[in-house]
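# Breakdown of the fold
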Amino acid sequence: MGRFRFDLLILLLAIHWSTALSDLVISKLDRRIDLTSQIVRMSLSLKVENTGPDPVSEVSLTFPEYQAKNLALLMAISTEGKGKTKGFSSNLPIKVKQPDDSPPSLIWYAVSLLKGLGKGESLTLEVLAVFTHTLRPFPEKITQAEAQLFVFQDSAHFPVPYNVKIQSLTVKLPSENVESYTKLENTKLSGSEIKYGPYENLPALSYSPLAIHFPSNKPFAVSQELVREIEISHWGNVQVTEHYNLIHGGAQSTGEFSRLDYQARPNVRGASAFRNLIAMLPPRAHSIYYRDAIGNISTSNIYGDSSKTLLEIEPRYPMFGGWKTSFTIGYGLPLRDFLFQSGGSRFLNISFGSPMNDVLVENLTLKVVLPEGSKDIYVSIPFSAKQSRETKFSHLDIAGRPTVVIEKVNVVPEHNQYFQVYYKFSNLSLLTEPLMLIFGFFSLFVACIVYMHADFTISKTSASYLAKLQWDEVQATIQQLHDIINHCLAIHDKLEASLRELSRTGDVQACKAVRKSADSLLKDLSKDLKPLLAFLQSSPQAAHILPKVEELVVKERDLQEKIMLKHTTVVDSYEKKSGGRDIENRVASIQQKITALKQEVDDLLEFVEDI
């Protein structure tokens, strides 16, 4: 409030410093301020008359500095005639034009007319001014159960730098409820509207402060940053991806949040929160998704008809004042609906801002990714914005895709106008990626054929090649030795099994037959083992593994001897009719040695298997 009073003092001083410009007179000024959302819209209708002898080509508008810094959009059109002969102009050029003797707290804008306004002539200017961050929450912090209240401050007299014959103001509120408002002469509250005036014969830069304190639980969704990427594919699709960093810009939520209270009475215990947002997408949008850092968010719905597609998105939690969230929405569009040709150029014609009308975007970065090979790029935007260029690399790109980057602050729904990106592109460039794929697969197949049929050995007499052959022979020999040892162990298992069968049936002759067959097989295996050992002992490549191999052979022979000794002892005991307890005592020490040797042989076999 102190800042407002300071600005007011400067403006009152400006009244004494400034005089009416030229000989223009405002015969009628109607102003309407819409406070039904977080974005304040001011509509002005000014009937301007030239009472002087010289033509006038500009009309000046003034705004206090505290309003001008939050001015997101200012546009004006002129009308002439009445009834059926009434004509409208296109948007008139507007620029800041600060007089030398004006205080810095008053910002001047010059509206350029399409033709000079001659002596005695008049025209009507229709002006739209859109402001952001103008509504101030009061109180600034509320609990979950409280409603939001806002204060709006302005002047009942619009400070235009001309004499005004008749002026009136209408303020539209979100509802009929109002906490308080400034009562001036000719003030009337009617439903959800407060009317000030009409006021007659006001001097230039007349100023009469007012303040309105009112409740509003409309969504105060503010996107602190929005990165919107539009990627063109000449194969038939325009892919749009939008990354939002969203905050509730209303009164800060204080105290604990109760999910139970919110679920039970959401309109009372969560009146200040917003639960969903509506994105109005083009009618033929497809492949729509909505996700955040965690993953896909299933709380969304899509409604559509022939004129539009509505995407209703709901965050993972209700958004109270000061709460933040981040999410991404994406969708595809048919190329033929948005890409056109003009002369030798192609141009993209698509909307600029966010598809969500309830969202104020503080910082918008719009990226238009054109196909690789695009050139002579030109951008046409119906308002001022910062432009730059960058390159994006994607699948199968060589030089990268040229990207137009457009940045703008304080983007409101009125900025969601169509803009155009013109560029030239050769149809032959469409064949680049398919030819790259064909050539790539062809090269792969040729490489496989060459690899399968070619001998890449440098020389069959080289030391490395001979060493490799010798090592292959060593590995083959070790594999044979490994198989022989495993065969021996299998024979040992048969001997053990014959002893178990002997204890069950008492058939000594059958057990001796198994022993005789085992002796014969082991003798043959021992003969097969000798040349293998001799080869390993003579090969330099086997020097580092020979000790383990020899140890394996020795341990296997020791194991073989112990098993034979056990077998002989048990058979002799059965022939002498010895008791079971006596047999177990006689072979107990032998069995302990057999168990230890089996473990050692198994460990050595694992070493050989690793080789």
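Just so we're clear, the structure is a prediction, and the values are computed from it rather than from any experiment.

This paragraph deals with the overall build of the protein. Across its full length, the protein holds nine helices and 31 strands. Relative to the compact-globule value of 25 Å for 611 residues, the protein shows a C-alpha radius of gyration of 46 Å, a clear excess of over 25%. Along the first, second and third principal axes, the C-alpha atoms of the protein reach 145 × 65 × 45 Å. Counting the 611 residues in the protein, one finds 43% classified as buried. Look at the contacts in the protein between residues 6 or more apart in sequence, and 75% of them connect residues 24 or more apart. Counting every atom, the protein has about 31,800 Å² of accessible surface; 53% of that belongs to carbon and sulfur. Charge separation in the protein, taken as the distance between the mean sites of 65 positive and 67 negative side-chain charges, equals 4 Å.

Moving on, we get to the packing of helix H6 (residues 463–505) against helix H7 (residues 508–538). Packing of H6 against H7 brings their axes to within 10 Å, and their N-to-C directions diverge by 165°. It follows that H6 is roughly antiparallel to H7 by the angle criterion. As for how H6 packs across H7, the hand of that crossing is left-handed. The residue inventory of the contact of H6 with H7, partitioned by class, reads 21 nonpolar, five polar and four charged.

Taken in spatial order, the seven strands line up as E21-E24-E18-E17-E27-E30-E29 in an open sheet, and their pairing is mixed. The open sheet has two edge strands with one neighbour each: strand E21 (286–291) and strand E29 (386–392). On average, each strand axis in the sheet is inclined to that of its neighbour by 15°, with strand direction left out of account. Bridge analysis of strand E27 (residues 359–369) against strand E30 (residues 401–411) gives eight bridges, and the strand direction is antiparallel. For Thr365, the partnering residue across the bridge sits in E30 and is Glu407.

Further remarks concern the UniProt feature "transmembrane region" (unreviewed entry) in the protein. Under the local residue numbering, the UniProt record ascribes the feature "transmembrane region" (unreviewed entry) to residues 435–454. Structurally, residues 435–454 comprises 95% helix and 0% strand, and the distance from its first C-alpha atom to its last is 28 Å.

Turning next to the pairing of strand E7 (residues 106–117). In this sheet, E7 lies alongside strand E3 (residues 56–64) in antiparallel orientation, the contact comprising eight bridges. Across the sheet, Leu61 pairs through a bridge with Tyr109, a residue of E7. Two strands pair when backbone bridges link them, and strand E6 (residues 94–96) and E7 are joined in this way by three bridges, in the antiparallel orientation. By the bridge assignment, Lys95 is partnered in E7 with Ala110.

With that settled, consider the pairing of strand E31 (residues 418–424). Bridge count for strand E26 (residues 345–351) against E31 is six bridges, and the pairing is antiparallel. Bridging across to E31, Asn349 finds its partner in Gln420. In terms of strand pairing, strand E28 (residues 375–380) meets E31 through four bridges, oriented antiparallel. Following the sheet pairing, Lys375 is matched in E31 by Lys424.

Attention shifts here to the layout of surface pockets. Counted as a void, the largest pocket has a volume near 490 Å³. If you go around the largest pocket, you meet 20 residues; those closest to its centre are Leu73, Leu74, Ile94, Phe383 and Ser384. Every element with two or more residues in the lining of the largest pocket is listed here: strand E4 (71–80), E6 and E30. Sorting elements by how many residues they give to the lining of the largest pocket places E4 first, with five residues. Its residues placed into classes, the lining of the largest pocket shows 13 nonpolar, five polar and two charged. Looking at which domains feed residues into the lining of the largest pocket, each of domain 1 (20–215) and domain 2 (221–430) gives three or more.

This model, assessed by the stated rule, comprises 21 salt bridges. A salt bridge links Lys392 to Glu229; the nearest nitrogen and oxygen atoms lie 2.9 Å apart. Remark: Glu229 occurs in strand E17 (residues 221–233) and Lys392 occurs in strand E29; sequence separation between them is 163 residues. The class for Lys392 is partly exposed, based on a relative accessible area of 24%. When salt bridges that share partners are traced, they join Glu229, Glu231, Lys392 and Arg401 into one network.

Judged by side-chain charge, Lys523, Lys527, Lys530 and Arg557 come together as a positively charged surface patch. Checked against the element boundaries, Arg557 lands in helix H8 (residues 546–575). Taking relative accessible area as the criterion, Arg557 reaches 38% and is therefore assigned partly exposed.

The next thing to look at is H7. Two residues of an α-helix separated by three or four positions point the same way, owing to the 3.6 residues in each turn. Compared with the 45 Å implied by 1.5 Å per residue over 31 residues, the 45 Å span of H7 between its first and last C-alpha is a close match. Along H7, the residues that are buried comprise Val508, Cys511, Ala518, Leu522, Leu525, Leu529, Leu532, Leu533 and Leu536. The secondary structure elements touched by the buried residues of H7 are H6 and H8. The opening residue of H7, the one whose side-chain oxygen lies 3.3 Å from the backbone nitrogen of Gln509, is Asp507.

Taken together, the side chains of Leu396, Leu437, Phe441, Leu444 and Phe445 present a nonpolar region at the surface, about 490 Å² in accessible area. Within the secondary structure, Leu437 sits in helix H5 (residues 432–453).

The rules we used
- Here the residue numbers are simple positions, counted from 1 along each chain's written sequence.
- At least 70 in pLDDT is required for a residue's local features to be given in this predicted model, at least 80 for side-chain atom pairs to be given and counted, and no such filter applies to totals for whole chains, interfaces and linings, which use all residues.
- In computing side-chain properties, one takes all heavy atoms of the structure into account and sets aside hydrogens as well as water.
- Runs of H or I in DSSP of at least four residues are treated as helices and runs of E of at least two as strands, each being numbered from the N terminus.
- Radius of gyration means the value over C-alpha atoms here, while the globule rule gives 2.2 Å times the residue count to the 0.38 power.
- Relative accessibility decides the category of a residue: with a 1.4 Å probe and only protein chains considered, values under 20% of the type maximum give buried, values over 50% give exposed, and everything between is partly exposed.
- Contacts are assigned to residue pairs that have any heavy atoms within 4.5 Å of one another.
- For the area figures, the Shrake-Rupley method with a 1.4 Å probe applies, and any residue is considered shielded solely by the protein chains shown.
- When charges are counted, neither His nor the chain ends are considered; positive counts come from Lys and Arg and negative counts from Asp and Glu.
- Positions of charges follow a simple convention, taking NZ of Lys, CZ of Arg, CG of Asp or CD of Glu.
- Axis definition: a line fit to C-alpha positions, over the contact stretch in the case of helices; interaxial angles, taken between N-to-C directions, run 0 to 180 degrees.
- Here is the rule for angles: anything less than 35 degrees is roughly parallel, anything more than 145 is roughly antiparallel, 65 through 115 is roughly perpendicular, and the remaining ranges are oblique.
- By the definition used in this description, the sense in which the near helix is turned from the far one sets the handedness, with an anticlockwise turn below a right angle giving left-handed and a clockwise turn giving right-handed.
- Residues are grouped as follows: Ala, Val, Leu, Ile, Met, Phe, Trp, Tyr, Cys and Pro are nonpolar; Asp, Glu, Lys and Arg are charged; all remaining types, including Gly, are polar.
- Strand pairing is defined by DSSP finding a minimum of two bridges between the two strands.
- UniProt positions are given in the numbering used here, feature names are shortened, and annotations may be inferred rather than shown by experiment.
- The distinction between a cavity and a pocket rests on a 1 Å grid over the protein atoms alone: a 1.4 Å probe fits inside a cavity but cannot get out, while a pocket stays open yet meets protein on both sides within 12 Å along at least five of seven lines, and a residue with an atom within 4 Å of a point counts as lining.
- Grid points are joined across faces, edges and corners, and a volume is the space filled by probe spheres set on the points.
- Segmentation into domains, and thus their bounds, comes from an automatic or database assignment.
- By definition, a salt bridge exists where a carboxyl oxygen of Asp or Glu is found within 4 Å of a side-chain nitrogen of Lys or Arg.
- Two joining distances apply to patches: 9 Å for like charges and 5 Å for nonpolar side chains (Val, Leu, Ile, Met, Phe, Trp, Tyr), and every residue must have over 30% relative accessible area and no salt bridge.
- Helix span, expected: 1.5 Å multiplied by one less than the number of residues in the helix.
- We define a polar contact as two N or O atoms separated by no more than 3.5 Å, with the added condition that, inside protein, one atom must be a possible hydrogen donor and the other a possible acceptor, whereas residues neighbouring each other in sequence contribute only through side-chain atom pairs.

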